[in-house]
Amino acid sequence: MKSMTGFGRGEAELNGYHFTVEIKTVNHRYFEPSIRISRQLGALEQRVRTRAKERIVRGKTDIFVTYVNHSDRQEKVVVNEQLLKSYVDALREAAEKVDMRDTLYAGDILRLPDVLTTEEETADDEMLWGILAEALDQALDNLNVMREKEGQHLKEDLSDKITVLENCREALLAEAPLVVEAYKERLHARLDELIEKGTLDPGRLEAEATVFADKCAIDEELTRLESHFKQFRQTMDLDEPVGRKLDFLTQELNRETNTIASKANHLAISKTALDMKNEIEKIREQIQNIE
């Protein structure tokens, strides 16, 4: 089980080409990558995205690619000849119009905007990708080590919280029969009082009391809770992303607990159900961190 929060870094160098890749991930419902890579490596951006998606299922993912060229293929200066000619023609035309002497110097003209530019001699994309992929894989490996370590802490915490809920369920198992019995006793006492006055049919009231007592019973909810706890623990042990599955099970836990709370006609059961709802809310918050 992995957390969605983590950081990983990787480096690789070959023939003077050096790559550094840093990856940072935080919680997000889906895989949402943001890749920062230099313009001259734009052709490799989609490969980076695809490689990352193979290793990261969920999370907002920032990928920073730093590239340094120490090879023999360095930047070279390029003269924009067409722009240079346009500058010269324009300057000479302006000099004639204001009757100025033509004193154009190469150094002055070459300092004009965009006359001189630099460009890096391009290397083979496949060669660059081989180096970049090595750095990227290192970063992804380190990222997932951190995410797995954090995921283990989350798993232990969630397991403790499920244990709390299981203890609450045991308490409810002991308290549940008391609710129905207490209700029946109160109803029978009231029934005897009304019968003495001759105002009620005892058979009919007994039947209605039985129906109401059945509505107060929480046996089915307690059975389903036990099943959900078991599924929750089994899901945490799966070797795959489990965040969405755990989120669904948490909703089911909350549903059963709400039903128990709505049926409760007993102070102890109401308090236990409230304690369970608080613990389930803590679980729900933690699950938002799980891939």
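Parameters and conventions
- Residues numbered from 1 in each chain as written.
- Predicted model: local features only at pLDDT ≥ 70, side-chain atom pairs only at ≥ 80, totals over all residues.
- Heavy atoms only, no water.
- Helix = DSSP H or I, 4+ residues; strand = E, 2+ residues; numbered from the N terminus.
- Contact = heavy atoms within 4.5 Å.
- Phe/Tyr/Trp six-rings, centres within 6.5 Å; stacked < 30°, edge-to-face > 60°.
- Buried < 20%, exposed > 50% of the residue type's maximum accessible area, 1.4 Å probe, protein only.
- Polar contact = N/O pair within 3.5 Å; in protein donor to acceptor, adjacent residues only side chain to side chain.
- Pairing = 2+ DSSP bridges.
- Axes fitted to C-alpha atoms, helices over the stretch in contact; angles between N-to-C directions.
- Expected span 1.5 Å × (residues − 1).
- Parallel < 35°, antiparallel > 145°, perpendicular 65-115°, else oblique.
- Left-handed = near helix turned anticlockwise from the far one by under 90°.
- Nonpolar A, V, L, I, M, F, W, Y, C, P; charged D, E, K, R; others polar.
- Right-handed = clockwise from strand over helix to strand, strands pointing away.
- Salt bridge = Lys/Arg side-chain N within 4 Å of Asp/Glu carboxyl O.

(A) Quick peek at the overall build of the chain. In terms of regular secondary structure, the chain is built from eight helices and six strands. The secondary structure elements of the chain, listed N-terminal to C-terminal, are β-β-β-α-β-β-α-α-β-α-α-α-α-α. In the chain, the share of contacts with a sequence separation of at least 24, taken over all contacts with a separation of at least 6, comes to 81%.

(B) Region of interest: the packing of aromatic side chains. Taken as a whole and assessed by the stated rule, the structure comprises two aromatic pairs. Between Tyr 17 and Tyr 67, the ring centres sit 6.4 Å apart and the planes meet at 5°, which makes this aromatic pair stacked. Taken as a pair, Tyr 17 in strand β2 (residues 17–26) and Tyr 67 in strand β4 (residues 59–69) lie far apart in primary sequence, 50 residues in all. You'll find Tyr 17 and Tyr 67 in the same group, each marked buried.

(C) Seen up close, the side chain of His 18. If you trace the backbone, His 18 turns up in strand β2. His 18 sits in the buried class, given a relative accessible area of 17%. In terms of polar contacts, His 18 uses its side chain to reach the side chain of Glu 11, at 3.1 Å.

(D) Here's a closer look at the sheet that holds strand β1 (residues 6–14). The sheet built from four strands is open, its strands ordered β1-β2-β4-β3 with mixed pairing. A strand with exactly one partner marks an edge of an open sheet, and here the two such strands are β1 and β3 (31–36). In this sheet, neighbouring strand axes are inclined to one another by 15° on average, regardless of whether the strands run parallel or antiparallel. Summarising the sheet, β2 and β4 pair through ten bridges and their orientation is antiparallel. Note that in β4 the partner of Ile 23 across the bridge is Ile 63. Packed on one face of the sheet, helix α1 (residues 45–55) meets β3 and β4 and runs near 145° to β3.

(E) Representation of helix α7 (residues 243–263) within the structure. Between its terminal C-alpha atoms α7 stretches 31 Å, which fits the 30 Å expected from 21 residues at 1.5 Å a residue. Along α7, the positions that sit buried rather than exposed are Gly 243, Leu 246, Leu 249, Thr 250, Glu 252, Leu 253, Glu 256, Thr 257 and Ile 260.

(F) Highlighting the packing of helix α6 (residues 219–236) against α7. Across the interface, α6 lies against α7 with an axial gap of 10 Å and an inter-helix angle of 160°. Looking at the two axes, α6 sits roughly antiparallel to α7. As for how α6 packs across α7, the hand of that crossing is left-handed. Contact residues: α6 offers Glu 221, Leu 222, Arg 224, Leu 225, His 228, Phe 229, Gln 231, Phe 232, Thr 235 and Met 236, while α7 offers Lys 245, Leu 246, Leu 249, Thr 250, Glu 252, Leu 253, Glu 256, Thr 257, Thr 259, Ile 260 and Lys 263. A class-by-class count of the residues in the contact of α6 with α7 yields nine nonpolar, six polar and six charged.

(G) Here's a closer look at the packing of α7 against helix α8 (residues 267–287). At a minimum axis distance of 9 Å, the contact between α7 and α8 shows a crossing angle of 165°. Taken together, the axes of α7 and α8 lie roughly antiparallel to each other. The element α7 and its partner α8 pack so that their crossing is left-handed. Contact residues: α7 offers Gly 243, Leu 246, Asp 247, Thr 250, Leu 253, Asn 254, Thr 257, Asn 258, Ile 260 and Ala 261, while α8 offers Ile 269, Ala 273, Met 276, Lys 277, Ile 280, Ile 283, Arg 284 and Ile 287. Classifying every residue of the contact of α7 with α8 gives ten nonpolar, five polar and three charged.

(H) Up close: the pairing of β4. As defined by bridge partners, β3 adjoins β4 across six bridges and the pair is classed as parallel. Bridge pairing in β4 places Ser 34 opposite Asp 62. After leaving β3, the chain enters α1 and then returns to the sheet as β4, a path that is left-handed.

(I) Representation of the pattern of salt bridges in the model. Within the structure shown, the criterion is met by 22 salt bridges. One salt bridge in this structure joins Glu 170 and Arg 169, with 3.4 Å as the shortest N-O distance. Taken together, the salt bridges that share partners define one network made up of Glu 220, Glu 221, Arg 224, Glu 256 and Lys 263.

(J) Here's a closer look at the side chain of His 228. In this structure, His 228 sits in helix α6. Looking at His 228, the relative accessible area reads 11%, which means it is buried. Once residues lying within four places of it in the same chain are set aside, the contact partners of His 228 are Glu 252, Leu 253 and Glu 256.

(K) Broad picture of the environment of Leu 140. Relative to the helices and strands, Leu 140 is located in helix α4 (residues 125–196). With 116 residues separating them along the chain, Leu 140 and Lys 24 place their C-alpha atoms 9.8 Å apart. If we ignore the near neighbours within four places in the chain, the residues touching Leu 140 are Ile 23, Arg 51, Ala 52, Arg 55 and Ile 56.

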